[in-house]
Amino acid sequence: MALDPDDPRPPYVQVANSLRAAILTRKFEPGEKLPSGPQLAKTYGVARMTVQQAVRTLREEGLVVSRQGSGVFVRERTSRPVGLRPHIERCFEDDAVTIDFAGFGGETLHGALQEPLDKVRHGRLTPQRIHIRLLVPDTTQPMSVPRRVDLAGDDPEARKRMARIMLRHTQGIEDAVHELGMLGLVERATVETRVHAAIPQFKLYILNGAETFFGYYPVAPNTVLLGKEKAEIYDLLGRDTILFHQAKDEDPESTGSQYVAQSQMWFDSVWSTIAKDRDE
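Residues numbered from 1 in each chain as written. Predicted model: local features only at pLDDT ≥ 70, side-chain atom pairs only at ≥ 80, totals over all residues. Heavy atoms only, no water.

A. Structural view of helix α2 (residues 37–44). Of the residues making up α2, those classed as buried are L40, A41 and Y44. Axial view of α2: buried residues confined to an arc of 100°, hence all on one face. As for α2, its buried residues are in contact with α1 (11–24) and α3 (48–60). Phi turns positive, to about 65°, at G45, one or two residues after α2. (Buried < 20%, exposed > 50% of the residue type's maximum accessible area, 1.4 Å probe, protein only. Helix = DSSP H or I, 4+ residues; strand = E, 2+ residues; numbered from the N terminus. Arc of directions from axis to C-beta. Contact = heavy atoms within 4.5 Å.)

Structure representation (structure tokens):
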């Protein structure tokens, strides 16, 4: 795909225009990795510095993000929802995997981890360290939701159901990750869970300190079993949560970089505060 020698525009502008068109016409999908610098230089018949200038232009336009050690990716636009699973799997391609989760029970995370953990078991993914932190609500404390629709205030039975769901998924994550360490498939595999006295209004995932996924929990009626009887409750419907994506790039002042940094700061502040309260 050599450039037009009669085109008066600088080569980097021509390369940027070609890549921009490919992104906007979905030849490169959101979240997809672009070919490497040497590959693009060969494709367009230009110097690598020309490709770097073109990529810099697209990054300034917010069309791509550069991830250190991973390459250049088409940005997931924050104006539309994105899927978590492929990003979870991609973070397992690094030697050190870190996942911070804040939310209700970790059901979505538990499901999204199954495939990459299976690939680690079969040697198709080979991280050396896995560290997951789970920040979940204290279900021993009174809550306004979940609760029966005909009941005002705290509902202990609804809280017990919430606790069972949370325990099933957090323990499932712990067991699956710790198994990899026991089998010697990773050097270190740890999962930490801490509870805090707040009703989760949103869910947050931070992947390898470089990407965040954020979404609000809708509160809606839901028919469930409380004990052995059907009951209609106001519930936190995590499976209906739309997630929006931000990624850190080489510019620390960009929206993505600041969003990731602020999300990490919030998570760490709550995490450390709980530790101090527990030690006192």
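This is not the end of the story, as more comes after the structure.
B. Broad picture of the packing of helix α5 (residues 107–121) against helix α6 (residues 156–182). Two elements in contact, α5 and α6, have axes whose closest approach is 10 Å; the angle formed by their N-to-C orientations is 15°. Of the possible angle classes, the one that applies to α5 and α6 is roughly parallel. Relative to α6, α5 is oriented so that their crossing is left-handed. Listed contacts from α6 to E107, L109, H110, L113, L117, V120 and R121 of α5 are R168, H169, G172, I173, A176, V177, E179 and L180. Partitioning the contact of α5 with α6 into residue classes produces eight nonpolar, three polar and four charged. (Axes fitted to C-alpha atoms, helices over the stretch in contact; angles between N-to-C directions. Parallel < 35°, antiparallel > 145°, perpendicular 65-115°, else oblique. Left-handed = near helix turned anticlockwise from the far one by under 90°. Nonpolar A, V, L, I, M, F, W, Y, C, P; charged D, E, K, R; others polar.)

Remember that the coordinates give geometry; whether it matters functionally is a separate question.
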